[in-house]
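# Observations on chain architecture
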Amino acid sequence: MTKTTLKIDGMMCGMCESHINEAVRRACQVKSVKSSHRKGESIIISETPPDQEALANVIKATGYTLVSMHSEPYEKKGLFH
């Protein structure tokens, strides 16, 4: 599993977060995506790192700007872990 952090410019409210989440789900196979307009970021959990160019294009088409992207290994931490 991979955790990818996207820094996104232009999100101002909860509706912006929803637009980004939907765009990311359309562009990539993800387990989960969560966005925060306050932090200006989205966190993606997926099996493999997403394609940066595809994400940048779909985010730009939605009216926002992908500033940076960082992927790292992710291990789900369960209740008994």
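Above this text is the structure in question.
## Concerning the nonpolar core
Formed by 15 residues in total, the largest nonpolar core has its most connected members in L6, I8, I20, V24, L55, I59 and Y64. Of all the secondary structure elements, the ones that give two or more residues to this core are β1 (2–9), α1 (14–27) and α2 (52–62). When residues in this core are grouped by element, the largest group, 4 residues, is from α1. Those residues in contact with L6, other than ones at most four positions away along the chain, are V24, G40, E41, S42, I44, L55, I59, L66, S68 and M69.

## Overview of α1
Between the first and last C-alpha of α1 there are 20 Å, a value that for 14 residues agrees with the 20 Å anticipated at 1.5 Å per step. Elements that come into contact with the buried residues of α1 comprise β1, β2 (32–36), β3 (41–46) and α2.

## Concerning the pattern of salt bridges
Within this structure, the stated rule accounts for 2 salt bridges. The residue E47 makes a salt bridge to K31 at a minimum N-O spacing of 3.5 Å. With a gap of 16 residues between them, E47 in the loop between β3 and α2 and K31 in the loop between α1 and β2 connect regions that are remote in the sequence. E47 gets classed as partly exposed once you look at its relative accessible area, which sits at 49%.

Reading guide: rules and limits
Residues numbered from 1 in each chain as written. Predicted model: local features only at pLDDT ≥ 70, side-chain atom pairs only at ≥ 80, totals over all residues. Heavy atoms only, no water. Core = buried A, V, L, I, M, F, W, Y, C linked by side-chain atoms within 4.5 Å. Buried < 20%, exposed > 50% of the residue type's maximum accessible area, 1.4 Å probe, protein only. Helix = DSSP H or I, 4+ residues; strand = E, 2+ residues; numbered from the N terminus. Contact = heavy atoms within 4.5 Å. Expected span 1.5 Å × (residues − 1). Salt bridge = Lys/Arg side-chain N within 4 Å of Asp/Glu carboxyl O.

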